[in-house]
Amino acid sequence: MSLVRQVKLRVPACAARPGPAIGQALGPLGINMAEFCKQFNEKTDTLGYERDTPLSCVLNALSDRSFTFDVRSPPTSYLIKKAAGMEMGPNQPSPDRASGYITPEAVYEIAKVKHKDDHRWHLPLEGIAKSVVGTAKSMGVHVKEEESED
């Protein structure tokens, strides 16, 4: 049972179906797509993700046609769009003109979600938060305090 290949996938939570997107990645490795989808849906359901939330998944294909996989958090851009209440990002983001706003509290919450990933446990939360702010800037989303209406 040696490692044949490591495959990175982006699969919707609780809604993985054997289809072309998954089939093109798993078919050449001889992995049973239906079994992967069943295990993935069960695991994401127990992790508590909303249905159809895009999740990153790293699948390790083994020589005996078995597999292991690790589910990671949703992409930072997805979490930022959700926090800003945007359906989709701008076509041409501009650092001068904001296409949306998020609060520092939202940045902190996104950083906490990303910090739970196995490959980020050793990074300081502040560093992850700075990365979230950088991703938001590249999307044209500005971080600012909410102004109180007195």
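Residues numbered from 1 in each chain as written. Predicted model: local features only at pLDDT ≥ 70, side-chain atom pairs only at ≥ 80, totals over all residues. Heavy atoms only, no water.

### Quick notes on the pattern of salt bridges
Then, number 1: Tallied over the entire structure, the rule returns five salt bridges.
Then, number 2: Measuring nitrogen to oxygen at the nearest pair gives 3.8 Å for the salt bridge that ties Asp70 to Arg72.
Then, number 3: The exposure class assigned to Arg72 is partly exposed, which follows from its relative accessible area of 23%.
Then, number 4: Close ionic contact of Arg120 with Asp117 constitutes a salt bridge, the shortest N to O distance being 2.9 Å. (Salt bridge = Lys/Arg side-chain N within 4 Å of Asp/Glu carboxyl O. Buried < 20%, exposed > 50% of the residue type's maximum accessible area, 1.4 Å probe, protein only.)

### Digging into the sheet that holds strand E3 (residues 67–71)
Sheet strands associate in pairs through backbone hydrogen bonding, adopting either a parallel or an antiparallel arrangement.
Then, number 1: Read from one edge of the open sheet, three strands run E1-E2-E3, paired in antiparallel fashion. In this open sheet, the two strands that pair with only one neighbour each are strand E1 (3–12) and E3. Strand-to-strand twist in this sheet, taken as the mean axis angle between neighbours without regard to direction, amounts to 20 degrees.
Then, number 2: As paired strands, strand E2 (residues 54–62) and E3 are joined by five bridges and run antiparallel to one another. Residue pairing for E3: Leu59 is matched across the bridge by Phe69.
Then, number 3: Lying on the sheet, helix H2 (residues 33–47) is in contact with E1, E2 and E3; it crosses E3 at an angle near 30 degrees. (Pairing = 2+ DSSP bridges. Helix = DSSP H or I, 4+ residues; strand = E, 2+ residues; numbered from the N terminus. Axes fitted to C-alpha atoms, helices over the stretch in contact; angles between N-to-C directions. Contact = heavy atoms within 4.5 Å.)

### Observations regarding H2
Then, number 1: An ideal rise of 1.5 Å per residue puts 21 Å on 15 residues; H2 measures up with 21 Å between its terminal C-alpha atoms.
Then, number 2: Inspection of H2 places Phe36, Cys37, Phe40 and Thr44 among the buried residues, and these make up the whole buried set. For H2, the arc enclosing every buried residue in end-on projection is 95 degrees, short of the 170-degree limit, so these residues lie on one face. Facing away from the buried side of H2 by over 90 degrees, the exposed positions are Asp45 and Thr46. (Expected span 1.5 Å × (residues − 1). Arc of directions from axis to C-beta.)

### Structural notes on the packing of helix H3 (residues 76–84) against helix H5 (residues 125–138)
Then, number 1: For the pair H3 and H5, the least separation of the axes is 10 Å and the interaxial angle reads 75 degrees. Taken together, H3 and H5 sit at an angle that is classed as roughly perpendicular. Seen from H3, the contacting residues are Thr76, Ser77 and Ile80; seen from H5, they are Val132, Thr135 and Ala136.
Then, number 2: When grouped by side-chain class, the residues that make up the contact of H3 with H5 number three nonpolar, three polar and no charged. (Parallel < 35°, antiparallel > 145°, perpendicular 65-115°, else oblique. Nonpolar A, V, L, I, M, F, W, Y, C, P; charged D, E, K, R; others polar.)

### Describing the nonpolar core
Then, number 1: Formed by 21 residues in total, the largest nonpolar core has its most connected members in Leu9, Phe36, Phe40, Leu59 and Phe69.
Then, number 2: At the level of elements, E1, helix H1 (20–26), H2, E2 and E3 are the ones that each hand at least two residues to this core.
Then, number 3: Looking at this core element by element, the count peaks at four residues for E2.
Then, number 4: In contact with Phe36, not counting residues within four places along its chain, are Leu9, Ile22, Leu26, Cys57, Leu59, Phe67 and Phe69.
Then, number 5: Leu79, Ala111, Ala129 and Val132 belong to the second-largest nonpolar core, a separate cluster that totals 14 residues. (Core = buried A, V, L, I, M, F, W, Y, C linked by side-chain atoms within 4.5 Å.)

### Considerations on the environment of Pro74
Then, number 1: With respect to the element layout, Pro74 can be found in the loop between E3 and H3.
Then, number 2: Considered as a pair, Pro74 and Glu109 are 35 residues apart in the sequence and their alpha carbons are 13 Å apart.
Then, number 3: Contact partners of Pro74, with chain neighbours within four places excluded, come to Tyr49, Thr53, Pro54, Leu55, Leu79, Val113 and Lys114.

### Examining the pairing of E2
Then, number 1: With seven of nine residues buried, E2 lies mostly within the body of the structure.
Then, number 2: Two successive antiparallel strands, E2 and E3, enclose a turn made up of four residues, where Arg65 displays a positive phi of approximately 65 degrees.

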